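A structural walkthrough
Take a look at the letters that make up each chain.
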Amino acid sequence: MKFAYRFSNLLGAVYRQGNLSFSKDGNAVISPVGNRVSIFDLKNNTSETLPLSTTKNITCVGLSPDGNLAIVVDEDGAALLVSLITRAVLHHFHFHKPVNSIRFSPDGRKFVVTKENVALMYHAPGKKREFNAFVLDKSYYGPYDETTCIDWTDDSKCFVVGSKDMSTWVFGAERWANLIYYSLGGHKDVIVGCFFEKDSLDLYTVSQDGTLCVWESDTELDGLVLTKTREKPKTPRQGDEEEEEDEEEKMEGEEGEVIRGKVEAPKGEKTKNVRYKQKSKHFFNKEGDFNNLTAAAYHKPTHILVTGFASGIFHLHELPEFNLIHSLSISDQRITSASINSSGDWIGFGCSGMGQLLVWEWQSESYVFKQQGHFNNMASLAYSPDGQYIATGGDDGKVKVWNTNSGLCFVTFTEHTSSVSNVTFTSSGFVIVSASLDGTVRAFDLHRYRNFRTFTSPRPAQFSCLAVDVSGELVSAGAQDSFEIFLWSMQTGRLLEVLGGHEGPVSCLCFSPVQSILASASWDRTVRLWDMLDSWQVKETLPLSSDGLSVTYRPDGQELAVATLNGEISFWNPQTATQTGSVAGRHDLETGRKETDKITAKQSAKGKSFTSLCYSADGESMLAGGQSKFVCIYNVKEQMLMKKFEISCNLSFDAMEEFLDRRKMTEFGSLALVDEGAGDGDGVNISLPGVRRGDMSSRHFKPEIRVTSLRFSPTGRSWSATTTEGLLVYSLDSTLVFDPYDLDLDVTPASIRKQLRLKDWTSAIVLAFRLNEKALKQEVLETVPHEEIPVVCASLPDIYVEKLLGFVAACLEKSGHLQFYMTWAQNLLMLHGQKLKNRSGAILPTLQALQKSIQRHFDSLSKLCDFNKYNIRYAVALSKQRGIKRAAEEDEGVEEDDDEEEEELSEGMSENVSS
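Residues numbered from 1 in each chain as written. Predicted model: local features only at pLDDT ≥ 70, side-chain atom pairs only at ≥ 80, totals over all residues. Heavy atoms only, no water.

Naming follows an unreviewed UniProt entry, where the chain appears as PWP2 small subunit processome component of Sparus aurata. Per UniProt, the chain carries the Sequence similarities (unreviewed entry) text "Belongs to the WD repeat PWP2 family." The Subcellular location (unreviewed entry) comment attached to the chain in UniProt states, word for word, "Nucleus, Nucleolus". (UniProt positions renumbered as here; feature names shortened; annotations may be inferred.)

Right under this line is the structure:
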């Protein structure tokens, strides 16, 4: 491969679990998605997935106050320090236990981490390079159960920690004489949120049973007094518990100062200690229905409290009066995270049950952002012909369409009532066809966003595969229970023919890109080629060595690839029906061992195979994926493995490792096979009579890692895979590879710039493309005068025309010099059109990339022009209205003058008469 593909974006999932955070400016929301982090820009309506991943699902993310750093922690307590500017991982650290929450101090000098019943305060990483970026400062003991939430005072002097033991603890970040620790009760359930008032020690605490306590302090922040001596407070030993805590201290490290809180206040102090009193107590569940409060956030400047509930309802209250501003149901699943941006206008909500991410503007009562991924596995994907859109179908019965530029879903079709097994675009790019296990094939219109055709079979059948011919007129679907293939007309919606002959379930269908021939692979160990023009007869039958799982044509229609159950990929010539080669890919899959497997990965690999195949846009390479965490790229001509991509390193998925961890093995086998009878984690583990929580029937399972579908983009610059993790997009990274063409000693940047000074534009372009450095090529191209472009294009050697066209297509996508690059493209196509047409198969990806770039600019500019047109019309109408008004005023003025003259004349005449 000339270029290196690298992970570029994660689509299909927007939120899994953990806390949401807003960026410093409040215009972007940072969401943990599995073991990755996605950033959604709400102003520009784009998404980006950071090029980093943890070994387990992320549970909490802490942002520094300046918005430059983030600390990402996974389920095991492994942490990454990430720069949000360079998108690079700066430091790795392990807390050794699951972390519940993490929060930086407002001055950015410290951060607090809560794990188990301890709060650990670390020195925040600075601008200087350090050997250890995480230096433990103090360890705070106090709660008896797990700690749940943290908040800091505005001046970073104190922080508060909530716990599952229904208590809240206020700790001093420094050794204050009058506030070392303070314990607050008053609740009957787990503390969900605790918040300081702005510039004050006053507190609000919120518990899971829907209770809000308002605490008032008798001391201001300025009243905190620093202790003169730095001796550790001596506390009497309390038996075994104290010894256990001492052992924990040693594990944490010797450098951290330990502060132990007790329920009673510290005694023997000369200064007057800080004291709290409960000012008021409020209840959310006034109707009496039991509805758990699951998420809370507080915006200090506006005094607004946001609370989310298990029923999907959220409330907005103004504190401390507890006035209800707003209440709305946004989901039918529990709200797991809530966050408010810096201005207090936007509120972000995450619902892990459905994978929803919502941003709500409470003042205008409207959605700023509303996205939801497939909450079950994705089964298939398809690129639109211009590569702008990706359609996905999932086990949740939904068909979603994603914009590849923004990474966001812009339409969801919910007409299917069962799993969607396959989706595809027609050649026009405006119709999506989907097959489902509910017995229907549906066609969706992307202009009006509606289901305009529904195809069904005479007898109910579950459709497992789908294909649409090049013209978009014939729709075919294969049934997995009746072994038949159904053909419909797109125009009329009528069933044209039922093709019988297979003796097993039909697993895959594919139309030839150049002829009206349909290839069908089946479990009966055959691939049949059906002629659509000759009464739908079987043209050829290709015998396979094992059950056929996937079949695909090369883009030029001259080769057929088939994946079989024994892990082989065989290549066939469809004209002569002869096999031209094969690849034994079972060992390349490298399947893992599931936790509940009683056999080794080596044994289970015998039953694993490739389930999805796809040719690259130029037909030289083959993508293959299946029941494994690897995607393989093969060279078709050499029939050898070129590269393997590991699509995930997330150990929260099953079948990730070849060997099970020996620490999880007992004399009776794997610990995963032992039924522990654990509940759902909401309350007690085992249900007792009269207890509503802790259901034994709720099951926790680890999804198995697998690749369900693979597609190359028509532009040839990216490929996508639907996996257990989501829709992964891999793009070409041309900056990583130095790939010169026809390089010579004379070809240097100095010689290229010399040609530019001599105004020998053609020679400069040829030399730049021989050196093949992107920055230099762009410099040369943009130095050429606009009026010289036709002359340069005409004198360019044929071998460089295609290279220049591809480069222009890539530059046009991101450059602001729209007319300049459009002129290059127009002249190249006009002057060399006939020669390019003769090689249309080879340059098709380049032309599609050019079309995608032009279409993208057209869409953005047409919106801008329409907006400007309306503004101009409004301005013209306004000026006309003002002109009419002014003319009317002038007319009134003239009439008044005439009346005055008439009055004067009449008065003069009356005077004359009287005289």
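A few points about the UniProt feature "repeat: WD" (unreviewed entry) in the chain
Sequence positions flagged by UniProt for "repeat: WD" (unreviewed entry) are, in local numbering, residues 184-216, 371-412, 413-454 and 499-532. Regarding residues 184-216, the helix share stands at 0% and the strand share at 55%, and the terminal C-alpha atoms are separated by 11 Å. Summarising residues 499-532: 0% helix, 56% strand, and an end-to-end C-alpha distance of 11 Å. (Helix = DSSP H or I, 4+ residues; strand = E, 2+ residues; numbered from the N terminus.)

Thoughts on the pattern of salt bridges
Under the definition given, this model contains 21 salt bridges. One salt bridge in this structure joins Glu-216 and Lys-277, with 3.9 Å as the shortest N-O distance. With Glu-216 in strand β20 (residues 211-217) and Lys-277 in strand β22 (residues 276-283), this pair connects stretches of sequence that are 61 residues apart. Owing to a relative accessible area of 28%, Glu-216 belongs among the partly exposed residues under this scheme. Residue Lys-277 is classed as exposed on the basis of its relative accessible area of 53%. (Salt bridge = Lys/Arg side-chain N within 4 Å of Asp/Glu carboxyl O. Buried < 20%, exposed > 50% of the residue type's maximum accessible area, 1.4 Å probe, protein only.)

Description of the sheet that holds β22
If you walk across this open sheet you meet the four strands as β18-β19-β20-β22, and the pairing is antiparallel. The two strands at the open ends of the sheet, each matched to only one other strand, are β18 (191-196) and β22. Pairwise comparison of adjacent strand axes, ignoring direction, gives a mean angle of 20 degrees for this sheet. Taken together, the five bridges between β18 and strand β19 (residues 203-207) define a ladder with antiparallel strand orientation. When the sheet's bridge partners are listed, Ile-191 is paired in β19 with Ser-207. (Pairing = 2+ DSSP bridges. Axes fitted to C-alpha atoms, helices over the stretch in contact; angles between N-to-C directions.)

Quick word on a negative patch on the surface
Together, Glu-889, Glu-890, Asp-891 and Glu-892 make up a negatively charged patch on the protein surface. Examined against the element boundaries, Glu-892 turns out to sit in helix α10 (residues 840-914). Judged by relative accessible area, which is 47%, Glu-892 ranks as partly exposed. (Patch = residues over 30% accessible without salt bridge, like charges linked within 9 Å, V, L, I, M, F, W, Y side chains within 5 Å. Areas by Shrake-Rupley, 256 points an atom, 1.4 Å probe, with all protein chains shown as cover. Lys, Arg positive; Asp, Glu negative; His and termini not counted. Charge placed at Lys NZ, Arg CZ, Asp CG, Glu CD.)

Notes on the sheet that holds strand β42 (residues 495-499)
Ordered by their spatial adjacency, four strands build an open sheet running β39-β40-β41-β42, and the pairing between neighbours is antiparallel. At either margin of the open sheet sits one strand with a lone partner, and together these are β39 (463-468) and β42. Ignoring which end each strand starts from, the neighbouring axes of this sheet average 20 degrees apart. For β39 and strand β40 (residues 474-479), the ladder comprises five bridges, and the chain directions are antiparallel. For Val-468, the partnering residue across the bridge sits in β40 and is Val-475.

Structural notes on the side chain of Gln-388
One can find Gln-388 in the loop between β31 (378-383) and β32 (389-394). The residues touching Gln-388, leaving out its near neighbours within four places in the chain, are Trp-402, Asn-403, Thr-404, Asn-405, Lys-852, Gln-855, Arg-856 and Asp-859. (Contact = heavy atoms within 4.5 Å.)

Some details on the pairing of strand β38 (residues 450-456)
For strand β37 (residues 440-445) and β38, the ladder comprises six bridges, and the chain directions are antiparallel. Looking across to β38, one finds that Val-441 is bridged to Phe-455. Hairpin remark: β37 followed by β38, antiparallel, with four residues in the connecting loop; positive phi at Tyr-449, about 55 degrees.

Quick notes on the environment of Thr-591
Residue position: Thr-591 is located in the loop between α2 (586-589) and α3 (601-604). In the structure, Thr-591 is positioned 64 residues away from Ala-655 in sequence and 7.2 Å away in space, judged by C-alpha atoms.

A short note on the nonpolar core
Residues Ile-765, Leu-781, Leu-804 and Trp-824 are the most contacted members of the largest nonpolar core, which totals 37 residues. Within the residue set of this core, elements represented by two or more residues are α4 (749-757), α5 (761-771), α6 (774-783), α7 (789-794), α8 (798-814), α9 (818-838) and α10. Non-local contacts of Trp-824, meaning those with residues more than four positions away in its chain, are made with Ile-765, Leu-781, Val-784, Ile-789, Val-792, Cys-793, Leu-804 and Val-808. Counting 23 residues, the second-largest nonpolar core is a separate cluster that includes Leu-10, Ala-13, Cys-614 and Leu-728. (Core = buried A, V, L, I, M, F, W, Y, C linked by side-chain atoms within 4.5 Å.)

Here's the deal with empty space enclosed by the protein
With the rule as written, the count across this model stands at two cavities of 30 Å³ or more. Of the volumes computed, that of the second largest cavity is approximately 50 Å³. The wall of the second largest cavity is formed by 13 residues, among which Leu-10, Ala-13, Phe-40, Ser-47 and Gly-407 lie closest to the centre. When contributions to the lining of the second largest cavity are tallied by element, the ones reaching two or more residues are β1 (4-11), β4 (36-41) and β5 (46-49). For the lining of the second largest cavity, the element with the highest residue contribution is β1, accounting for three residues. The residue inventory of the lining of the second largest cavity, partitioned by class, reads seven nonpolar, six polar and no charged. (1 Å grid on protein atoms, 1.4 Å probe; cavity = no way out; pocket = protein on both sides within 12 Å on 5 of 7 lines; lining within 4 Å. Points joined across faces, edges and corners; volume = space filled by probe spheres on them. Nonpolar A, V, L, I, M, F, W, Y, C, P; charged D, E, K, R; others polar.)

Focus on the side chain of Ser-570
By secondary structure assignment, the location of Ser-570 is in strand β49 (residues 568-573). Reaching out from Ser-570, the side chain makes a polar contact with the side chain of Trp-572 at a distance of 3.0 Å. Once you skip the residues sitting within four places of it in the chain, Ser-570 turns out to touch Leu-544, Leu-560, Ala-561, Val-562, Gln-579, Gly-581 and Ser-582. (Polar contact = N/O pair within 3.5 Å; in protein donor to acceptor, adjacent residues only side chain to side chain.)

Observations regarding the pairing of strand β36 (residues 431-436)
A large share of β36 lies buried, amounting to six of its six residues. Where strand β35 (residues 420-425) and β36 come together, five bridges link them in antiparallel fashion. Bridge assignment links Thr-424 to a residue of β36, and that residue is Val-433. Between β35 and β36, which pair antiparallel and follow one another directly, the connecting turn spans five residues, one of which, Gly-429, has a positive phi of 85 degrees. Across five bridges, β36 lies against β37 in antiparallel orientation. Within the sheet, the bridge partner assigned to Val-431 lies in β37 and is Asp-445.

Things to note about the packing of aromatic side chains
One pass over the full model with this rule turns up 39 aromatic pairs. For the pair Phe-104 and Phe-111, a centre-to-centre distance of 5.4 Å together with 45 degrees between the ring planes defines the contact as tilted. For the residue pair Phe-104 and Phe-111, the accessibility class agrees, reading buried in each case. Consider the rings of Tyr-140 and Phe-171, whose centres lie 5.0 Å apart with planes at 45 degrees: the pair is tilted. With Tyr-140 in strand β13 (residues 135-141) and Phe-171 in strand β16 (residues 168-172), the pair connects residues that are 31 residues apart, well separated along the chain. Accessibility expressed as a relative area gives 1% for Phe-171, which makes it buried. Three or more aromatic residues joined by ring pairs make a cluster, and in this case those are Phe-93, Phe-95, Phe-104, Phe-111, Tyr-122 and Phe-134. (Phe/Tyr/Trp six-rings, centres within 6.5 Å; stacked < 30°, edge-to-face > 60°.)

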